[in-house]
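Single-letter residue listing:
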Amino acid sequence: MLKKVAILTNGGDAPGLNAVIRAIVKTAEHNGIETYGFIEGYKGLLQNNYIKLDSNSNASGLLHKGGTIIGTSNSTNVFKYKIQKENGEVEYKDLSDECVKNIRNAGFDCIFALGGDGTQKSSRDFSLKGINFIGVPKTIDNDVAHTDTTFGYNTAVSVATEAIDRLHTTAESHHRILVLEVMGRYAGWIALESAIAGGADVALIPEIPYDINKIVEKINSRREKGKNFSIVVTSEGAKPIDGELVVKQVLNDAGLDNIKLGGIGDKLAHDLEKLTGMVSRNTVLGYVQRGGTPSAFDRVLSTRYGVKAMELAMNGIFNVLVTYKGGEMGYVSLEDVVGNNKVVGAVSGNTKESNIRKIKMDDDLIKVARHVGICLGD
Ligand code: F6P
């Protein structure tokens with residue numbers, strides 16, 4: 001019998017986090033179970049910092065609220081925790097046993113970890129230490145393995161689509177090439193779906209390294225038809241066939257995702273202006289994709305994820321990720337989610353080692369994009 005459970009939200013925030021929290025709390029209360037929330041993800045677990053969640057007070061009015069009421073952190077890997085010594089030296093320690101002690105002392109029967117691939121990697125590592133974890137796949141990038149749609153993704157695509165709509169009118173008025181750089185890390189879901197939804201002319205995704213000449217051909221063929229403007233949507237992780245990823249910053253932190261992507265949009269605008277002679281500008285959409293109120297789809301999906309997570313816990317099914325596949329809620333073991341990234345405490349998420357879900361070349365979206373004339377840079 002479950003008595004006490006806790007939630008943590010970890011990694012970059014995503015619309016729908018609060019809706020999942022609400023669904024877990026309500027389902028728990030309905031079944032006489034207490035819910036707590038660790039503050040700022042795994043950091044709160046390490047610091048033993050948690051609060052009681054109550055649907056009549058602090059966990060009320062959450063469905064439409066962006067962000068997360070219990071905070072998040074994307075700079076904590078408790079299995080390889082960075083410690084700054086007084087002499088300025090840095091050392092890394094495995095502090096996961098502290099977290100295990102905190103969970104056991106508080107008597108939590110299960111921890112719900114709302115996060116992307118990095119968070120779920122730590123969930124799996126904790127499950128090997130005998131702690132009951134249930135993962136819920138959160139990320140605007142939609143790149144968590146074994147699930148069709150993560151919560152937050154639909155809202156991010158809607159925001160990007162609105163941006164494309166707005167860029168269309170100004171591009172057309174000025175006869176310009178307008179580039180939109182969207183998020184997504186090493187997966188092109190946001191770029192591809194928003195390009196289809198917004199009617200962009202070019203969509204560049206990490207899964208297809210682009211040939212700049214193909215983009216120029218597309219833009220020139222539009223000009224020949226009297227269309228003196230073009231919209232290019234690029235994923236932040238897109239790269240040229242003969243070049244590298246454009247990286248904004250490299251953090252020097254073992255055990256964490258070290259690379260901040262960004263800058264490919266500027267490069268494209270610069271290269272396209274040179275090669276076409278058309279004025280080209282770049283817009284970086286940035287964090288507006290992650291902030292604010294979730295779409296109706298994400299509110300429903302988040303609620304389904306939260307209810308399913310609590311149901312699994314009540315049925316004693318632990319160390320799994322809740323999944324959404326073919327319209328059905330289900331689950332898969334955390335071991336399968338991490339794939340070959342098995343080493344405990346190894347670099348957390350969003351890296352070469354991660355088992356992320358990228359767009360496959362036989363995905364229907366690729367075919368659809370090509371059929372409606374979107375140039376994918378190849
Ligand atoms: O994973 C979500 C995401 O928003 C990515 O799309 C983006 O590359 C990254 O997080 C940005 O991370 P940070 O919040 O560390 O700047």
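From a predicted model like this one, the values you see are computed outputs, not experimental measurements. (Residues numbered from 1 in each chain as written. Predicted model: local features only at pLDDT ≥ 70, side-chain atom pairs only at ≥ 80, totals over all residues. Heavy atoms only, no water.)

(A) Main features of the sheet that holds strand β9 (residues 202-204). The four strands lie next to each other as β9-β10-β8-β13, forming an open sheet whose pairing is parallel. Taken across any chain shown, the strands that pair with only one partner, and hence form the sheet edges, are β9 and β13 (280-284). Strand-to-strand twist across the sheet, computed as the mean angle between neighbouring axes with direction ignored, equals 20°. Across the sheet, helix α5 (residues 153-174) lies against β8 (177-182), β10 (230-235) and β13, angled at about 165° from β8, the strand it touches most. Across the sheet, helix α6 (residues 189-198) is in contact with β8, β9 and β10; its angle to β10 comes to roughly 155°. (Pairing = 2+ DSSP bridges. Helix = DSSP H or I, 4+ residues; strand = E, 2+ residues; numbered from the N terminus. Axes fitted to C-alpha atoms, helices over the stretch in contact; angles between N-to-C directions. Contact = heavy atoms within 4.5 Å.)

(B) Seen up close, the packing of aromatic side chains. The final tally for this structure, using the stated rule, is nine aromatic pairs. Between the aromatic rings of Tyr 50 and Phe 108, the centroid separation amounts to 5.2 Å while the plane-to-plane angle is 80°, which identifies the pairing as edge-to-face. Taken together, the residues Tyr 50 in strand β3 (residues 50-53) and Phe 108 in the loop between α3 (96-106) and β6 (110-115) connect sequence positions 58 residues apart. Assessed through its relative accessible area of 8%, Phe 108 is described here as buried. Members of the aromatic cluster, each reached through a chain of ring pairs, are Tyr 36, Phe 38, Tyr 50 and Phe 108. (Phe/Tyr/Trp six-rings, centres within 6.5 Å; stacked < 30°, edge-to-face > 60°. Buried < 20%, exposed > 50% of the residue type's maximum accessible area, 1.4 Å probe, protein only.)

(C) Seen up close, the site of the ligand. Surrounding the ligand, one finds Asn 74, Ile 140, Asp 141, Met 183, Gly 184, Arg 185, Glu 236, Lys 260, Tyr 287 and Arg 290. Interatomic distance of 2.6 Å between a side-chain N/O atom of Glu 236 and an oxygen atom of the ligand. Within the side chain of Lys 260, an N or O atom sits 2.8 Å from an oxygen atom of the ligand. In isolation the ligand exposes 400 Å². Once the protein is present, 84% of that is buried. Each residue belonging to the shell around the ligand can be placed in one class, and the counts come to three nonpolar, two polar and five charged. Mapping the shell around the ligand onto the domain boundaries places at least three of its residues in each of domain 1 (4-151 + 294-338) and domain 2 (157-290 + 361-371). (Near = heavy atom within 4 Å. Polar contact = N/O pair within 3.5 Å; in protein donor to acceptor, adjacent residues only side chain to side chain. Areas by Shrake-Rupley, 256 points an atom, 1.4 Å probe, with all protein chains shown as cover. Nonpolar A, V, L, I, M, F, W, Y, C, P; charged D, E, K, R; others polar. Domains from an automatic or database assignment.)

(D) Representation of helix α7 (residues 212-224) in the model. Between its terminal C-alpha atoms α7 stretches 19 Å, which fits the 18 Å expected from 13 residues at 1.5 Å a residue. Listed in full, the buried residues belonging to α7 are Ile 212, Ile 215, Val 216, Ile 219 and Arg 222. The buried side chains of α7 occupy one side of the element, clustering within an arc of 125° when seen end-on. In this fold, the buried residues of α7 make contact with β8, β9, β10 and α8 (264-276). Looking at where α7 begins, the residue whose side-chain oxygen comes 2.9 Å from the main-chain nitrogen of Asn 213 is Asp 211. (Expected span 1.5 Å × (residues − 1). Arc of directions from axis to C-beta.)

(E) Broad picture of the nonpolar core. In this structure, Val 182, Ile 190, Leu 192, Ile 231, Val 233 and Leu 376 are the most contacted members of the largest nonpolar core, which totals 34 residues. Taken together, the elements giving at least two residues each to this core come down to α5, β8, α6, β10 and α11 (364-371). Per-element accounting of this core gives the leading share, eight residues, to α5. Of all hydrophobic cores here, the second largest spans 30 residues; its members include Ile 33, Leu 301, Tyr 305 and Tyr 324. (Core = buried A, V, L, I, M, F, W, Y, C linked by side-chain atoms within 4.5 Å.)

(F) Structural detail: the sheet that holds strand β2 (residues 34-38). The sheet built from seven strands is open, its strands ordered β3-β2-β1-β6-β7-β14-β15 with mixed pairing. Lying at the two open borders of the sheet, with one neighbouring strand each, are β3 and β15 (328-333). Ignoring strand direction, the axes of neighbouring strands in this sheet form an average angle of 30°. Summarising the sheet, strand β1 (residues 4-9) and β6 pair through five bridges and their orientation is parallel. If you follow Ile 7 over to β6, its bridge partner there is Phe 112. Across the sheet, helix α4 (residues 117-127) lies against β6, β7 (133-137) and β14 (320-325), angled at about 160° from β6, the strand it touches most.

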